[in-house]
Amino acid sequence: MDFKDTPEEAAFRTEAHSWLDANVPRREQPNQTWASTLESKDSDNIVRLAKEYQQKKYDGGWACLHWPKEYGGRGASPIERVIWGEEESRYLVPSGVFDIGQGMAGPVLMQYASEEQKQRYLPPMASGEEIWCQLFSETSAGSDLAGLRMKASREGDDWILNGEKIWTSGAHYCDYGIIVARSDVDVAKHRGLTFFFLDMKSAGVEVRPIRQITGGSNFNTVVFNDVRISDSQRLGEIGGGWGVALTTLMNERVSVGDAPGPNLDQALALAETIELDGQPAIRNQAVRSQLAKWHCETAGLKYTKYRSISALSRGETPGPENSITKLVGATKAQEIACFGLDLMDAAGIVADEALVESDARFQLAYLAAPAMRIAGGTDEVLRNIIAERVLGLPQEPRADKGMSFKDIPSGA
Amino acid sequence: MNFEFSDEQKMLREQAGSFLRDKSPLTALREIYEGDEPYQRELWQEMAGLGWMSTTIPEQYGGIGLGSLELCVIAEELGRSLAATPFSSSVYLATEAILMAGNEAQKESYLPQLASGELIGCFALSEGPCAATENNLQTRFDGDSLSGTKLPVTDGNVSDFAIVCAKDAAGSSWYLVDLRADGVERKPVRSLDPSRDQALIEFNNAPAQLLGDAGSGWQLTSALYNRAAVLFAFEQTGGALAALDQARAYAMERYAFGRPIGSFQAIKHKLADMYALATLAHSNCYYGAWALSTDAPELTLAAATARVSATRAYNECASENIQTHGGMGFTWEFDCHFHLRRARVLALNLGSQYQWEDKLVTALEQRNQAAA
């Protein structure tokens, strides 16, 4: 048992590290984010800088590592991808802009698109020249995604899309999107779905930002009014969209490790500096108990990840243990944010960066934290997944089983 | 990265697991609960035959000289099986204490018989209801012999000797005491877990010999507990996983409202949370195992993390296993209470959760100071 690289892994790490050193600045503090170093937080600027960095990676052979070389990747092994991720996280680099496209749209195209389409779309996706988004959720279809209502009607060689998608990250700057829509309301809900990709500049597509609890707008509603797309943009069979969507969701990367907001170290630092009953708060046993609990969770997730990485390093498939990551991490982040406010006592109410500790990061995190427990699978869906896929418990009987979609009660 | 047990260690775990399923089913545990034997004597002999007691004892003292990683995988399986033996007292504590602090003569006289399982040892610290500290110890070595009362001493009635932490002229020290000698009176006390022997031991001018440096008793205890905490955490995690298995099996076979209760989200989510806690504990145990086997400077933090995490996981899994079983889980006849009892005994044996949380945060503070 050790934490050492194999000689091949060490060589790869050195190569990755040398390239990064030559091209991007290191983080000065472990928790420093790239966004915090920007002078303007304007999203066009973020996208432009992200594109510049992605192009650099692409030219250096570091984009979409595990993709085949002919589509712009490097043909790297899973463990090499992990090592790159570890090394890159030590540097101040843009993140988030390409994750959904490269992580979800890419694999779907790889599996379902024609060779010509792959040649056309994958390399610019890898280089960052074109950005992709994912159009899945709807206001009435979140955890029950297969209950979606976006309508796809066939017209000759075309399809006409009508309806609304929601929670689309980055729709306002994306060039293309993958979308799942209902092509048949007369069959059971999972069987009436068809999967497509489309140009986000198509006539009839309208992107509207959603204002979040935090005041920011990272997501959008996307409205489709008679949007015409060619049947050649269909991915998979007509009525086979659910299977394609599942492939995509398997690739959804839910990494709470990079979630913004204070972690255990910042909570501990705050407890050392703030007074409670005339002494540093960290001397209080209740405070210590909380810190110990979060350390156990933080360390437990870290070493769970190490176990998975070790399996990859041996060329094995990791066990199901990683399924707990987001479930544990999101609640912990929410608890830590709330803890910070408690330590500040009445001043925990104040959200002015100039007036409270840590530039009001605990206050911002308090408002942002609920999203982590919902996005990419709610706590409840994740618990179902663990119970059913890991522990093998039976599915809950469904009220809509075997019904035609049009007959399913919607409460509307 | 190779953060995993070796193929040989995994094979040992499988062998230990299948041996214990075969030789120590829960019916054997129930016989201890309901009979007069304090532990599974026959099983103990067979475990000795497999060399488990001699795992970390060097060959020169009759052991097989493997590392602590091998002991960790055995501990996990013992915890899973709930076997009623004095293994933790004799191996994680008494053997380890002699390896840590014994002089050559003491090692030669104790280790070979500990290795063969002929001799059973235990560790005596607690003196009644409150956390022991170096200052509140009442048991005293007066320069000649030992006097005082220890309660509870786990496996105190079935052990041949005890390592006693006592006050003396140098502060506090460890003493080796023959429990069969004059001046030692011991009796079983009723406890939460009838499958683990607990004793009240009175020492009245009992003969005792110093183990380790005079005055180092508290420091040694703390170091011993760090090492033992990792092994206890493996037992606790094994127990947590076994309790989860019981809950899962029952949730699949028990029907209510016309369907298996495991199809209700209320039960699924409970079991998913148990799985998450047991997985965190397991991964923290791995790190503890690494720190233990390499004698890493991070051992205190790693041990406390494994310990706090495993205590929480086993408590939660043991009590939620009963909850999943409903009324039947509260019966003597069902096996759920075995875990409820064992979870608490393992959680308290090396000091309470508060103490380990405190130790954990202190280790974090020290790490941060060292980094600054």
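Residues numbered from 1 in each chain as written. Chains lettered and ligands numbered in written order. Predicted model: local features only at pLDDT ≥ 70, side-chain atom pairs only at ≥ 80, totals over all residues.

Caption draft 1: How the structure looks around the overall build of chain B. Each helix and strand counted, chain B has 11 helices and 10 strands in total. Taken over the C-alpha trace, chain B has a radius of gyration of 21 Å; the compact-globule value for 372 residues is 21 Å, and the two agree within 12%. Counting only C-alpha atoms and orienting by the principal axes, one finds that chain B spans roughly 70 × 55 × 40 Å. Every one of the 372 residues in chain B was classed for burial, and the buried ones make up 56%. A sequence separation of at least 24 residues applies to 75% of the contacts in chain B between residues at least 6 apart. (Helix = DSSP H or I, 4+ residues; strand = E, 2+ residues; numbered from the N terminus. Rg over C-alpha atoms; globule rule 2.2 N^0.38 Å. Buried ≥ 20, exposed ≤ 12 C-beta atoms within 10 Å, placed from the backbone. Contact = placed C-beta atoms within 7 Å.)

Caption draft 2: Quick look at the domain arrangement of chain A. Here chain A is described as being made up of domain 1 (7-97), domain 2 (132-250) and domain 3 (256-374). The gap between the C-alpha centroids of domain 2 of chain A and domain 3 of chain A is 35 Å. (Domains from an automatic or database assignment.)

Caption draft 3: Up close: the packing of helix α5 (residues 87-101) of chain B against helix α7 (residues 217-253) of chain B. All names here are of chain B. Remark: α5 packs on α7, axes separated minimally by 10 Å, with the N-to-C direction vectors making an angle of 145°. For α5 against α7, the interelement crossing comes out right-handed. Across the interface between the two elements, S88, Y92, L93, E96, A97, M100 and A101 of α5 pack against L220, A223, L224, R227, A228, L231, F232 and E235 of α7. Residues that form the contact of α5 with α7 fall into these classes: 11 nonpolar, one polar and three charged. (Axes fitted to C-alpha atoms, helices over the stretch in contact; angles between N-to-C directions. Left-handed = near helix turned anticlockwise from the far one by under 90°. Nonpolar A, V, L, I, M, F, W, Y, C, P; charged D, E, K, R; others polar.)

Caption draft 4: Focus on the interface of chain B and chain A. Listed as interface residues are 39 residues of chain B and, on the opposing side, 38 residues of chain A. Secondary structure elements with two or more residues in the side of chain B that touches chain A: α7, β10 (259-260), α8 (265-294), α9 (299-325) and α11 (353-371) of chain B. In terms of residue class, the side of chain B that touches chain A is built from 22 nonpolar, 11 polar and six charged.

Caption draft 5: Just the domain arrangement of chain B, in detail. Residues and elements named next belong to chain B. You can read the domains of chain B as domain 1 (7-118), domain 2 (122-215) and domain 3 (218-371). The partner domain 3 presents 22 residues to the 21 residues of domain 1 that form the contact. Mapped by element, the contributors of at least two residues to the side of domain 1 that touches domain 3 are α2 (26-34), α4 (68-81) and α5. Considering every element that reaches the side of domain 1 that touches domain 3, the biggest residue donor is α4, with 10 residues. For the side of domain 1 that touches domain 3, the class distribution of residues is 13 nonpolar, four polar and four charged.

Caption draft 6: Spotlight on the pairing of strand β7 (residues 219-230) of chain A. All names here are of chain A. Alignment of strand β3 (residues 158-169) against β7, held across 10 bridges, turns out to be antiparallel. Opposite K165, over in β7, you have V222 as the bridge partner. In the sheet, strand β6 (residues 205-210) pairs with β7 via six bridges, with the strands oriented antiparallel. Across the sheet, E206 pairs through a bridge with V223, a residue of β7. (Pairing = 2+ DSSP bridges.)

Caption draft 7: Local environment of helix α6 (residues 104-116) of chain B. Residues and elements named next belong to chain B. With 13 residues, α6 ought to run about 18 Å at 1.5 Å a step, and its terminal C-alpha atoms sit 19 Å apart, in line with that. Its axis deflected by about 30° at Y110, α6 carries its strongest bend there, up to four residues before the proline P112. For α6, every residue scored as buried is listed here: Y110, L111, L114 and A115. Structurally, α6 contributes buried residues whose contacts are with α5 and β1 (121-124). G117 sits one or two positions beyond α6 and adopts a positive phi of about 80°. (Expected span 1.5 Å × (residues − 1). Bend = angle between axes of the 7 residues up to and from the residue.)

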